[in-house]
Structure formats: structure tokens, C-alpha cells
Amino acid sequence: MLEDEAGDIVRKARFGQGLSRAEVARLAACPQARLEALETLASPMTEAEATELARVLALEPRALVAIASGQYRPAPVAECTGGIVVHTLVVSQPDGWTSNCHLVAHTTGQEALIVDPGGEPDRILDALDARGWRPRHVLVTHGHRDHVGALAAIHAEWAVSVLAGEGDAPSIPVPHASVHWLRHGETIPLGSGMLEALQTPGHTPGGYSFRLDGHVFVGDALFAGSIGNPNVPHVGYGQIIESLSLHVLSLPVDTVIHPGHGPSTTVGEERRSNPFFAARSCANAAIRP
């Protein structure tokens, strides 16, 4: 199922643009109590409400209506695509929160990446062993606990390098001498391919996405049909929209997107169906090979 419902999307767009619930209710001619019910998922959103709220919040109306009516879900993505195997574990933390941990390798090699080890370190290590994979790097898209909760245990077992954005340094729970702080656009060899670091802040100050051979791992910056919470004060919403437009949604349309929660999707799917981007143009960003 999708990570966000229509009410979540409206809440994120309103909060990100610095609008109060009262302001949006007035502009959309929607009673404030009704808007609160929609944002807290206490009541389903009608097509008319989705259309009007999308207009007020600069979202794409048809895309929001499709999510509100349950008509949007990205097509399933195979585990092995384009010479890359991506095995996704939905891992849990002691408090019950879950997230996606992606294990990644080329079909012809044994070197692997661990993306966002949020919990259950033994389960992650067992899954690597079962495939005969050796972790070379741990990729951290951002420093929230549900994405780094198992990092210290995995690092103690394998002592692999950790790749992360320096803006999230206080949240990285391993000795910082073991961390490679990323620069936007830098590339790192992995087997027969090159891993590329893409700066995508806004959900956190040091957020990064990682591109590898037709796949991109985005953490909580982007979900199928939505975006992550714009948590960086004053600039988070703009940072998320701009960085994803420039660095992720400008990639070839068949690029597979692996979020930190919810199902995988593709660049083409999100350009068409994500309410935050379907109404926007990628004209300012050249389509990359």
C-alpha cells in the first residue's frame, strides 16, 4: 500500500508552504473541522474536495483525485532489473516503526550495498549471508532512527564504510572516522558500475539519494505518490521539491525509485502521478542518460 493517503499529502503541502489550516480552509471553502478530519485521515476525501484543495496548494488535481479514490498504485517492480538485484526488507524497531532496508548487488558479483539499515541487524546480516553477498558500503539516505537503527550493530560486525551527508552527522551512530561524508555528484565504483551521490535535502539537512545503474534510492525524500515531511525549518519544502526535480525526476523515465517506506516506483510514474510533481515541468533540468 502507499505510504501516504490524500490527507497526508494535503497536510504536507499545507505545512510545507507555511499555511495554517484556517487559511487553507478559507481558500478552499472547506470548513476547518472538515479539513482537520481529512488531514488526520478520519474521513475519506471526495473528488470535489481533492480538486479544490489541489488548486489551493498547487498540487496536480487529477493525481490527487486518483490517490483519494484509490485508483493510483505504481506497477510492481521486479527484484532483478537491469543487471541489479534489489532485495527489500521491511524492518522493525523496538517501538514498532518500520522502514525499507534495501540490499543491493550486481547479478554478476558478490559486493553488496546496504541502504538504510533501520532495524533488525541480525535479519539483515542473515539475508546477506543467504545470498552470499559481502557488504562493501552502508548507504545512509538520512539520519532518522528508523533508517540507522541497525547501523551500529552492522558496522561492528563488518566494519564497512558508511556513506552519508554531513548535514546529518549528529544522527550517525558510528565513529565518524568510519564515515565518508558525501559531495553532490561524486561517484564511487561498485563492481562493474558507478554509484552516484545526489544531494536531496529538505526532509533532513543532510539528505542524499543514491543512483546505481537504472536505480535510485531516495529514502524519505520521495514516496510513490508523495514526498517526505519537509522538516528543515523555512526551506525544507522548497529543498525537497527542487532537489528531486533536478536530481531524481530528471533521470530517464524507466529509472526505478526505491523509497524508504512503501512500494517502489519509477521516474516516469512519479512525473505522471505524483501530485507534487505532475503539475510541474522538468524543463529546467536536462534529461540525463
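The numbering scheme is per chain: residues are counted from 1 as the chain's sequence reads. Where totals are concerned, whole chains, interfaces and linings use all residues; where local detail is concerned, this predicted model gives features only for residues with pLDDT of at least 70, and gives and counts side-chain atom pairs only at 80 or more. Each side-chain value is derived from all of the structure's non-hydrogen atoms; neither hydrogens nor water enter the calculation.

Next up on the list: the sheet that holds strand S2 (residues 84–92). DSSP calls a pair of strands paired once it identifies at least 2 bridges connecting them. Each helix is a run of DSSP H or I of at least 4 residues and each strand a run of E of at least 2, with the numbering of both proceeding from the N terminus. The strand order S1-S2-S3-S4-S5-S6-S7 describes an open sheet built from 7 strands, whose pairing is mixed. The strands lining the two open edges of the sheet, one partner per strand, are strand S1 (80–81) and strand S7 (179–181). Sheet analysis places strand S5 (residues 134–139) next to strand S6 (residues 161–164), joined by 3 bridges and oriented parallel. Opposite Leu-139, over in S6, you have Leu-163 as the bridge partner. We call two residues contacting when some pair of their heavy atoms lies within 4.5 Å. Axis lines are fitted to C-alpha atoms, over the contacting stretch for helices. Their N-to-C directions set the angle, which ranges from 0 to 180 degrees. On the sheet, helix H8 (residues 151–158) packs against strand S4 (111–115), S5 and S6 and is oriented at approximately 145 degrees with respect to S5.

Each reported salt bridge corresponds to a side-chain nitrogen of Lys or Arg within 4 Å of a carboxyl oxygen of Asp or Glu. According to the stated counting rule, one finds 12 salt bridges in the structure shown. Between Lys-12 and Asp-4 there is a salt bridge, with its nearest N and O atoms 2.6 Å apart. Both residues of the pair, Lys-12 and Asp-4, belong to the buried class. For Arg-14, the salt bridge goes to Glu-39, with nearest N and O atoms at 2.7 Å. On the criterion of sequence distance, the pair formed by Arg-14 in helix H1 (residues 6–16) and Glu-39 in helix H3 (residues 32–39) is long-range, its members being 25 residues apart. This pair shows no difference in class: Arg-14 is buried, exactly as Glu-39 is. Connected via shared salt-bridge partners are Arg-14, Arg-21, Glu-36 and Glu-39. Here the term buried applies to any residue with accessible area under 20% of the maximum for its type, exposed to any over 50%, and partly exposed to those in between, with areas from a 1.4 Å probe on protein chains only.

Our next topic: the nonpolar core. Formed by 41 residues in total, the largest nonpolar core has its most connected members in Leu-64, Leu-222, Ile-227 and Phe-276. Taken together, the elements giving at least two residues each to this core come down to H1, helix H2 (21–27), H3, helix H4 (47–57), helix H5 (61–68), strand S11 (215–219) and helix H9 (236–247). The element best represented in this core is H4, accounting for 5 residues. With residues up to four places along the chain from it excluded, the contact list for Leu-64 reads Ala-6, Ile-9, Val-10, Met-45, Ala-50, Ala-54, Leu-59 and Pro-275. Think of a nonpolar core as a cluster: buried Ala, Val, Leu, Ile, Met, Phe, Trp, Tyr and Cys residues, connected wherever their side-chain atoms sit within 4.5 Å.

It is worth spelling out the packing of helix H6 (residues 121–131) against H8 at this point. In contact at an axis separation of 9 Å, H6 and H8 are set at 45 degrees when each is read in the N-to-C sense. By the angle between their axes, H6 is oblique relative to H8. Along this stretch, H6 crosses H8, giving a crossing that reads as right-handed. Counted together, Pro-121, Ile-124 and Leu-125 of H6 and Ala-153, Ile-154, Glu-157 and Trp-158 of H8 form the full contact between these two elements. Tallied by class, the residues present in the contact of H6 with H8 amount to 6 nonpolar, no polar and 1 charged. Angle categories are assigned with fixed cut-offs, so that under 35 degrees is roughly parallel, over 145 is roughly antiparallel, 65 to 115 is roughly perpendicular, and the rest are oblique. A clockwise turn of the near helix away from the far one marks a right-handed crossing, whereas an anticlockwise turn of less than a right angle marks a left-handed crossing. Here the term charged refers only to Asp, Glu, Lys and Arg, the term nonpolar to Ala, Val, Leu, Ile, Met, Phe, Trp, Tyr, Cys and Pro, and the term polar to all other amino acids, Gly among them.

Quick look at the packing of H1 against H3 now. Relative orientation of the contacting elements H1 and H3 amounts to 115 degrees, with a least axis distance of 7 Å. Looking at the two axes, H1 sits roughly perpendicular to H3. Residues Gly-7, Val-10, Arg-11 and Arg-14 of H1 form the contact with H3, whose participating residues are Leu-35, Leu-38 and Glu-39. Among the residues making up the contact of H1 with H3, the classes are represented as 3 nonpolar, 1 polar and 3 charged.

Further remarks concern the sheet that holds strand S14 (residues 256–259). Ordered in space as S8-S9-S10-S11-S14-S15, the 6 strands form an open sheet in which the pairing is mixed. Since the sheet does not close on itself, it has two edges, and those belong to strand S8 (187–190) and strand S15 (265–266), each with one partner. When S11 meets S14, the two strands line up parallel, connected through 4 bridges. The partner of His-215 across the bridge, within S14, is Val-256.

In this section: H9. Take the residue count of a helix, subtract one, and multiply by 1.5 Å to get its expected span. With 12 residues, H9 extends 16 Å from end C-alpha to end C-alpha; this agrees with the ideal 16 Å at 1.5 Å per step. What H9 keeps buried is the set Gly-236, Tyr-237, Ile-240, Ile-241, Ser-243, Leu-244, Ser-245 and His-247. Where H9 is buried, its residues contact H1, strand S9 (193–199), strand S12 (222–223) and strand S13 (226–227).

Attention now goes to the environment of Pro-173. Its location among the elements puts Pro-173 in the loop between S6 and S7. By relative accessible area, Pro-173 is classed as partly exposed at 39%. With 23 residues separating them along the chain, Pro-173 and Ala-150 place their C-alpha atoms 9.3 Å apart. Ignoring anything within four residues of it in the chain, the contact list for Pro-173 reads Val-148, Leu-151 and Ala-152.

So, about the confidence of the model for the chain. Residues at a pLDDT of 70 or more form 97% of the chain, whose mean pLDDT is 94. Overall, residues 281–289 carries pLDDT values under 50, and its contacts beyond four positions in sequence, including any with other chains, amount to 18 contacts. Predictor confidence is given residue by residue as pLDDT, running from a minimum of 0 to a maximum of 100.

If you check which residues of H3 are buried, you get Leu-35, Ala-37, Leu-38 and Glu-39. Its buried side turned inward, H3 meets H1, H2 and H4. Of the residues flanking the end of H3, it is Leu-41, one or two places downstream, whose phi is positive at about 65 degrees.

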